[in-house]
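What follows is each chain in one-letter form.
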Amino acid sequence: MTSDFEAQLRAVSLRVTRPRLAVLAALRDHPHVDTDTVIDLVRAELSVSHQAIYDVLRALTDAGLVRRIQPAGATARYECRVGDNHHHVVCRTCGAIADVDCAVGYSPCLTASDDHGFVVDEAEVVYWGTCPDCATERTSQSAPSSEGSR
Ligand SMILES: [Zn+2]
Ligand SMILES: [Zn+2]
């Protein structure tokens, strides 16, 4: 897998460095994590400064290898699944994020009903809701327990 990342970095003319590989590996294993989590994951493997990791995230995002998503009111998250115009579903309660595929093979969301003359190359859709964990918790809290065991 590491060699995939090396090829990706070379494809966008970025030098292959251990911090860059470590950030890509962290995002592959932990999609949709925020900056602090990326820092923790990378620093568990490698001794690099916080600033170096910020710089790596910016360089990888600018190069299009990493996608930065920022749901309204939430901290920015990063992922290395790029270029497929997928969307996200976000839990209002705990902030959990999951990928939602657009459609296989093409991206119908890119066809705006009225593009106002813009050349559209990306559509960002965020679905807000409640994740299964939080929904379960809410149900079990609101439903009075008949056994009185809680
Ligand atoms: Zn949740
Ligand atoms: Zn995603």
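Definitions and cut-offs
- Residues numbered from 1 in each chain as written.
- Chains lettered and ligands numbered in written order.
- Predicted model: local features only at pLDDT ≥ 70, side-chain atom pairs only at ≥ 80, totals over all residues.
- Axes fitted to C-alpha atoms, helices over the stretch in contact; angles between N-to-C directions.
- Helix = DSSP H or I, 4+ residues; strand = E, 2+ residues; numbered from the N terminus.
- Left-handed = near helix turned anticlockwise from the far one by under 90°.
- Contact = placed C-beta atoms within 7 Å.
- Nonpolar A, V, L, I, M, F, W, Y, C, P; charged D, E, K, R; others polar.
- Pairing = 2+ DSSP bridges.
- Expected span 1.5 Å × (residues − 1).
- Buried ≥ 20, exposed ≤ 12 C-beta atoms within 10 Å, placed from the backbone.
- Arc of directions from axis to C-beta.

**Some details on the packing of helix 3 (residues 35-43) against helix 4 (residues 50-62)**
Consideration 1: Taken N-terminus to C-terminus, the directions of helix 3 and helix 4 make an angle of 115°; their axes are 10 Å apart at the nearest point. The crossing of helix 3 and helix 4 is right-handed. Contacts from T35, V38, I39 and V42 of helix 3 reach helix 4 at H50, I53 and L57.
Consideration 2: Each residue belonging to the contact of helix 3 with helix 4 can be placed in one class, and the counts come to five nonpolar, two polar and no charged.

**Things to note about the sheet that holds strand 2 (residues 67-69)**
Consideration 1: Spatially, the three strands line up as an open sheet ordered 1-3-2, and their pairing is antiparallel. A single partner strand is all that each edge strand has here, and the edge strands are strand 1 (33-34) and strand 2.
Consideration 2: With two bridges joining them, strand 1 and strand 3 (residues 77-79) adopt antiparallel strand pairing. When the sheet's bridge partners are listed, D34 is paired in strand 3 with R77.

**Here we look at the environment of T130**
Consideration 1: Its location among the elements puts T130 in the loop between strand 6 (126-129) and helix 5 (132-142).
Consideration 2: In this view, T130 contacts C91, R92, T93 and A135; residues no more than four positions away in its chain are not counted.

**Observations regarding helix 4**
Consideration 1: Taking 1.5 Å of rise per residue, the 13 residues of helix 4 would be expected to cover 18 Å, and the 18 Å separating its terminal C-alpha atoms lies within 8% of that figure.
Consideration 2: Along helix 4, the residues that are buried comprise I53, V56, L57 and L60. Viewed along the axis of helix 4, the buried residues span an arc of 100°, placing them on a single side of the element. Residues of helix 4 that are exposed and angled more than 90 degrees away from the buried face: Q51, R58 and D62.
Consideration 3: Where helix 4 is buried, its residues contact helix 2 (18-29), helix 3 and strand 3.

**Concerning the sheet that holds strand 6**
Consideration 1: Strand order in the open sheet formed by three strands is 5-4-6, with mixed pairing between adjacent strands. Both outer strands of the open sheet, strand 5 (97-100) and strand 6, are each paired with one neighbouring strand and no more. In this sheet, neighbouring strand axes are inclined to one another by 25° on average, regardless of whether the strands run parallel or antiparallel.

**A few points about the pairing of strand 4 (residues 87-91)**
Consideration 1: As defined by bridge partners, strand 4 adjoins strand 5 across four bridges and the pair is classed as antiparallel. Bridge pairing links H87 to V100 in strand 5.
Consideration 2: As judged from the four bridges shared by strand 4 and strand 6, these two strands associate in the parallel manner. Across the sheet, V90 pairs through a bridge with W128, a residue of strand 6.

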